[in-house]
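Single-letter residue listing:
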Number of protein chains: 2
Amino acid sequence: MTEADFIAALRTLPLHPGARGLADDAAVLDIGDTTLVLTHDMLVEGTHYLPSQDMADVAFRLVATNLSDLASKGAEPLGVLVGHMLGAGDARFVAGLHEALAAFDTPLLGGDTVAGTGARALGLTAIGRATHRPVPARSGAQVGDGLFVTGTLGAAMLGFEALREEGKGGGGGGDSSAYRRPRPRLAQGRALAPHVTAMMDVSDGLLLDAFRLAEASGVTLAVQSAAAPVAAPARRYDCLTWGDDYELLFTLPASIAKPPVPATPIGRVEPRGFVPLFVDGEPIANRAGLGYDHRG
Amino acid sequence: MTEADFIAALRTLPLHPGARGLADDAAVLDIGDTTLVLTHDMLVEGTHYLPSQDMADVAFRLVATNLSDLASKGAEPLGVLVGHMLGAGDARFVAGLHEALAAFDTPLLGGDTVAGTGARALGLTAIGRATHRPVPARSGAQVGDGLFVTGTLGAAMLGFEALREEGKGGGGGGDSSAYRRPRPRLAQGRALAPHVTAMMDVSDGLLLDAFRLAEASGVTLAVQSAAAPVAAPARRYDCLTWGDDYELLFTLPASIAKPPVPATPIGRVEPRGFVPLFVDGEPIANRAGLGYDHRG
């Protein structure tokens, strides 16, 4: 079964009203006066990371990617549960977990530890508390809104390439930290949550994630690629399709001229036309080539 | 790293005050007036289930084992997040998930779907609401308490053997449902929670889990093996060490003569002596042979 078919099948199950798009988006759970946000992400050896990678970096990414999902909901982390398959580098895994939990002020709540053979799978569930209701979703963009992104895109790509060069013994000394140690935009997400009409994190490439936001909102997004801040201007397309930057992509009503956090206007929300995305005026009919699709 | 070493390392991390023994026990999270109980369990192909098994049964077990952890806390399920690695039998997996969620009146909240190679890993996070505070733990047994267990032990073992015979084409027609479709004792757990001093589910064998309860509580348990209700009296030892029955093991103050749900008295809590467990008067100094250890 493909991922799309599997998720379509899941949508036929008894769903919690807070299950938003299942694997696409974080879940929202009202508990009395508190709204919780819950995410679960898995990393698989050979698919999401290489066996040669430092397991401390892998653990850090596992925490960061889940907390990035909370950031895009304006949620503050309450704790994480870790599902760990034992293997090489376990001590480094614990060290990276420690660094990430300390960096993002998030305690460990529990989890499961299993033995396994073959490729390892690591899972993490993050629980957060929404700081604003309604909780931002990727589905709320309105015609006339402006489209914005925080930070600089492509930094993770350059970091990955520096790491790869290092692995080849090429030296070169590029900084790989943007790839190895992503920083979820938790403070930015909380500041933005009361103002945005839609928000998501950019995990799989700006253009792919913009396509998804447009589809979820039932609108068309018109993106000006030259406006997007990129880490390598000579490789603008790569920077906008590579992903792993964990910046926030969001829409604001036209009445808000300036976002409450540093961010760059990169486009506008238009009525849904034949395609969900225009890049520099060119219609983009499908996801192919827009980013890292079906990474999970 | 061994599982014990890994969990010991996790205990050095920033821990949530509700992290109870990490991989050993469910986490407890206070949200306003509500106390949540959170569990995460993984099943690994080849370790926890066989590739030849019906994936509907695997999905059912994945839900049931996590809900059993909630049952042992007297918690009612609020929802689950599923971490799924795509592979053979995905449609059956969804069918089994559907059956389990419907059977235990628990909605799907979200999750993650990933591609992978080699042995599959499946994870599930269950979130429940405690119906009684303090939330029962395995650590509260008091000297003088009685020790009880619900249901009959060894039924899952007989179910597994029936399934194995079926797989060999041996026919025979034994009922494998107790193994394939475990029923978490949710109603019993809720009824017991206000009364017990300690409670846990019997997942890895009665004797091993009694050993663990004794260690967590800092007491010695004296178990009368002949008192335990078993599905195959001629194989009493097997029934008490095989596990997978997901019954509830609990202690009650001596002042409560009769538990509020059907259960069998099987022993007594004594001051901690040299060993944590006596079976029929014989001291048991270590876990070897008591059950399915380090199953995760």
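Chains are numbered independently. Their residues run from 1 in the order of the written sequence. Chain letters and ligand numbers both follow the written order, the letters beginning at A and the numbers at 1. For this predicted model, a pLDDT threshold of at least 70 governs which residues receive local features, and a threshold of 80 or more governs which side-chain atom pairs are given and counted, while totals over whole chains, interfaces and linings are taken from all residues. Excluding hydrogens and water, the side-chain figures rest on all heavy atoms present in the structure.

- The name given to chain A in an unreviewed UniProt entry is Thiamine-monophosphate kinase, with the source organism recorded as Aurantiacibacter spongiae.
- UniProt positions are given in the numbering used here, feature names are shortened, and annotations may be inferred rather than shown by experiment. UniProt, in the comment section headed Pathway (unreviewed entry), describes chain A in these words: "Cofactor biosynthesis; thiamine diphosphate biosynthesis; thiamine diphosphate from thiamine phosphate: step 1/1."

1. Some words on the overall build of chain A
Here comes step 1: A tally of regular secondary structure across chain A gives 8 helices and 12 strands.
Here comes step 2: Computed over C-alpha atoms, the radius of gyration of chain A comes to 19 Å, within 12% of the 19 Å expected from 2.2 N^0.38 for 296 residues, which places it in the range of a compact globule.
Here comes step 3: Along the first, second and third principal axes, the C-alpha atoms of chain A reach 50 × 50 × 40 Å.
Here comes step 4: The contact criterion used throughout is that any non-hydrogen atoms of two residues lie within 4.5 Å. For chain A, the proportion of contacts with a sequence separation of at least 24, taken over those separated by at least 6, is 82%.
Here comes step 5: Computed by Shrake-Rupley with a 1.4 Å probe, the accessible areas treat only the displayed protein chains as cover when residues are assessed. When the accessible surface of chain A is split by element, carbon and sulfur atoms take 53% of a total near 10600 Å².
Here comes step 6: Lys and Arg are tallied as positive, Asp and Glu as negative. Neither His nor the chain termini are counted. Charged groups are reduced to one reference atom each: NZ for lysine, CZ for arginine, CG for aspartic acid, CD for glutamic acid. In chain A, 24 side chains carry a positive charge and 33 a negative one; their mean positions are 3 Å apart. Secondary structure is summarised from DSSP: a helix means a run of H or I of at least four residues, a strand means a run of E of at least two, and numbering begins at the N terminus for each. The reference for a compact globule is 2.2 Å times residues^0.38; the radius of gyration itself is calculated from the C-alpha atoms.

2. Considering the relation of the copies chain A and chain B
Here comes step 1: With an RMSD of 0.1 Å, the fit of chain A onto chain B corresponds to turning through 180 degrees and sliding 0.0 Å along the axis. Given the turn and translation reported, the copies of this chain are related as if by a two-fold rotation axis.
Here comes step 2: A symmetric contact is evident, with 98% of the interface residues of chain A recurring at the interface of chain B. Superposition of the copies used a least-squares fit over C-alpha atoms from residues whose pLDDT is at least 70 in both.

3. Topic: the UniProt feature "binding site: Mg(2+) 5" (unreviewed entry) in chain A
Residues and elements named next belong to chain A.
Here comes step 1: Following the UniProt record, the feature "binding site: Mg(2+) 5" (unreviewed entry) maps to Asp204 here.
Here comes step 2: In this structure, Asp204 sits in the loop between strand S7 (198-202) and helix H7 (206-217).
Here comes step 3: The buried category is assigned to Asp204, whose relative accessible area is 7%. Each residue is placed in one exposure class: buried if its accessible area under a 1.4 Å probe, protein chains only, is under 20% of its type's maximum, exposed if it is over 50%, and partly exposed if it falls in between.

4. Some details on the interface of chain A and chain B
It is common to give the size of an interface as the accessible area lost on bringing the parts into contact.
Here comes step 1: At the junction of the two partners, chain A supplies 61 residues and chain B supplies 61 residues.
Here comes step 2: Buried area between chain A and chain B, both sides added, is near 5200 Å², and the carbon and sulfur share of it is 74%.
Here comes step 3: The term salt bridge refers to a side-chain nitrogen of Lys or Arg lying within 4 Å of a carboxyl oxygen of Asp or Glu. Between the two partners, chain A and chain B, sit 0 salt bridges.
Here comes step 4: What qualifies as a polar contact is a pair of N or O atoms within 3.5 Å, subject to a donor-acceptor requirement within protein and to the restriction that residues adjacent in sequence count only when both atoms come from side chains. Where chain A packs against chain B, one counts 7 residue pairs in polar contact (both at pLDDT 80 or more).
Here comes step 5: Listing elements by their share of the side of chain A that touches chain B, those giving two or more residues are helix H1 (3-10), strand S1 (27-31), strand S2 (34-44), strand S3 (75-85), helix H3 (90-103), strand S4 (108-114) and strand S5 (121-130) of chain A. Two parts lose some accessible area (1.4 Å probe) when they are put together, and adding that loss for both gives the buried area.

5. A few points about the sheet that holds strand S12 (residues 282-284) of chain B
Residue and element names in this part refer to chain B.
Here comes step 1: Any two strands with at least two DSSP-identified bridges between them are counted as paired. The sheet built from 7 strands is open, its strands ordered S7-S9-S6-S10-S8-S11-S12 with mixed pairing. The open sheet has two edge strands, strand S7 (198-202) and S12, and neither has a second partner. Sheet twist, expressed as the average angle between the axes of neighbouring strands with direction ignored, equals 25 degrees.
Here comes step 2: Working convention: axes come from line fits to C-alpha atoms, limited for helices to the stretch in contact. Angles between N-to-C directions cover 0 to 180 degrees. Packed on one face of the sheet, helix H7 (residues 206-217) meets strand S6 (146-149), S7, strand S8 (219-223), strand S9 (247-252), strand S10 (264-271), strand S11 (277-279) and S12 and runs near 155 degrees to S7.

6. Structural notes on the packing of helix H2 (residues 55-71) of chain B against helix H3 (residues 90-103) of chain B
Residue and element names in this part refer to chain B.
Here comes step 1: Two elements in contact, H2 and H3, have axes separated by 7 Å at closest approach and are oriented at 40 degrees. Between H2 and H3, the angle falls in the class oblique. Where H2 crosses over H3, the handedness of that crossing is right-handed. From H2, Met55, Ala56, Ala59, Phe60, Leu62 and Val63 reach across to H3, where they touch Arg92, Phe93, Gly96, Leu97, Glu99, Ala100 and Leu101. The cut-offs work like this: below 35 degrees is roughly parallel, past 145 is roughly antiparallel, 65 to 115 is roughly perpendicular, and the gaps in between are oblique. When the near helix sits turned anticlockwise from the far one by under a right angle, the crossing is termed left-handed; a clockwise turn instead gives a right-handed crossing.

7. Description of unusual backbone geometry
Residue and element names in this part refer to chain A.
Here comes step 1: A cis geometry characterises the amide bond from Arg133 onward to Pro134, with omega recorded as 0 degrees.
Here comes step 2: Tracing the chain through its elements places Pro134 in the loop between S5 and strand S6 (146-149).
Here comes step 3: For Asp280, which is not glycine, the phi dihedral falls at a positive 55 degrees.

8. Quick notes on the packing of aromatic side chains
All names here are of chain B.
Here comes step 1: For this analysis, a ring pair means two rings from Phe, Tyr or Trp (six-membered ring only for Trp) whose centres lie within 6.5 Å, classed as stacked if their planes differ by under 30 degrees, edge-to-face if by over 60, and tilted for the remaining angles. Evaluation of the coordinates by the stated rule reveals 12 aromatic pairs over all chains.
Here comes step 2: Note on Phe60 and Phe104: the rings are 5.5 Å apart at their centroids and 65 degrees apart in plane angle, and the pair reads as edge-to-face. Of this pair, Phe60 sits in helix H2 while Phe104 sits in the loop between H3 and strand S4 (108-114), and the two are 44 residues apart along the sequence.
Here comes step 3: Among the residues examined, Phe104 registers a relative accessible area of 9% and is labelled buried.
Here comes step 4: On the basis of an interplanar angle of 70 degrees and a centroid distance of 6.1 Å, the ring pair of Tyr179 and Trp242 is categorised as edge-to-face. Here Trp242 lies in the loop between helix H8 (236-241) and S9 and Tyr179 lies in helix H5 (residues 177-180), a separation of 63 residues in the sequence.
Here comes step 5: Take Tyr179: its relative accessible area is 5%, and that puts it in the buried class.

9. Here we look at the pattern of salt bridges
Here comes step 1: The final tally for this structure, using the stated rule, is 24 salt bridges over all chains.
Here comes step 2: A cluster of three or more residues bridged by salt bridges with shared partners is formed by Asp57, Glu99, Arg180 and Arg181 of chain A.

10. Examining the UniProt feature "binding site: Mg(2+) 2" (unreviewed entry) in chain A
Here comes step 1: UniProt records the feature "binding site: Mg(2+) 2" (unreviewed entry) for Asp41 and Asp69 of chain A in the present numbering. On the basis of their most widely separated C-alpha atoms, the annotated residues across 29 residues gather in one place, lying no more than 9.5 Å apart.
Here comes step 2: Along the chain, the position of Asp41 of chain A falls in strand S2.
Here comes step 3: A residue is classified by how much of its surface remains accessible, and Asp41 of chain A, at 17% relative accessible area, is buried.
Here comes step 4: Asp41 of chain A has contacts with Leu62, Thr65, Asn66, Asp69, Leu122, Gly123 and Leu124 of chain A together with Asp112 of chain B, leaving out every residue within four places of it along the chain.
Here comes step 5: Take Asp69 of chain A: it is sitting in helix H2 (residues 55-71).
Here comes step 6: The class for Asp69 of chain A is buried, based on a relative accessible area of 18%.
Here comes step 7: When sequence neighbours within four positions are dropped, the list of residues in contact with Asp69 of chain A reads Thr39, Asp41 and Asp201 of chain A.

11. What to know about the sheet that holds strand S12 (residues 282-284) of chain A
Residues and elements named next belong to chain A.
Here comes step 1: Reading across from one edge, S7-S9-S6-S10-S8-S11-S12 is the order of the 7 strands in this open sheet, with mixed pairing throughout. Only two strands of the sheet have a single partner each, and these edge strands are S7 and S12. The sheet shows a mean angle of 25 degrees between the axes of neighbouring strands, direction not considered.
Here comes step 2: In this structure, S7 lies alongside strand S9 (residues 247-252), joined through 5 bridges in antiparallel fashion. When the sheet's bridge partners are listed, Ala198 is paired in S9 with Thr251.
Here comes step 3: In the packing of H7 onto the sheet, the strands contacted are S6, S7, strand S8 (219-223), S9, strand S10 (264-271), strand S11 (277-279) and S12, and the crossing angle to S7 comes to about 155 degrees.

12. Quick look at the environment of Leu252 of chain B
Here comes step 1: Relative to the helices and strands, Leu252 of chain B resides in strand S9.
Here comes step 2: In this structure, the C-alpha to C-alpha distance between Leu252 of chain B and Glu3 of chain B, residues 249 residues apart in sequence, is 31 Å.

13. Considering the domain arrangement of chain A
Residues and elements named next belong to chain A.
Here comes step 1: For every domain, the bounds stem from an assignment made automatically or drawn from a database. Structurally, chain A comprises domain 1 (3-130) and domain 2 (146-284).
Here comes step 2: A straight line from the C-alpha centre of domain 1 to that of domain 2 covers 21 Å.
Here comes step 3: Across the contact, 20 residues belong to domain 1 and 18 residues belong to domain 2.
Here comes step 4: On the domain 1 side of the interface with domain 2, the three residues burying the most area are Asp57, Arg61 and Ser72, jointly 30% of the side's total.
Here comes step 5: Applying the counting rule to domain 1 against domain 2 returns 4 salt bridges.
Here comes step 6: There are 6 residue pairs in polar contact (both at pLDDT 80 or more) connecting domain 1 and domain 2.

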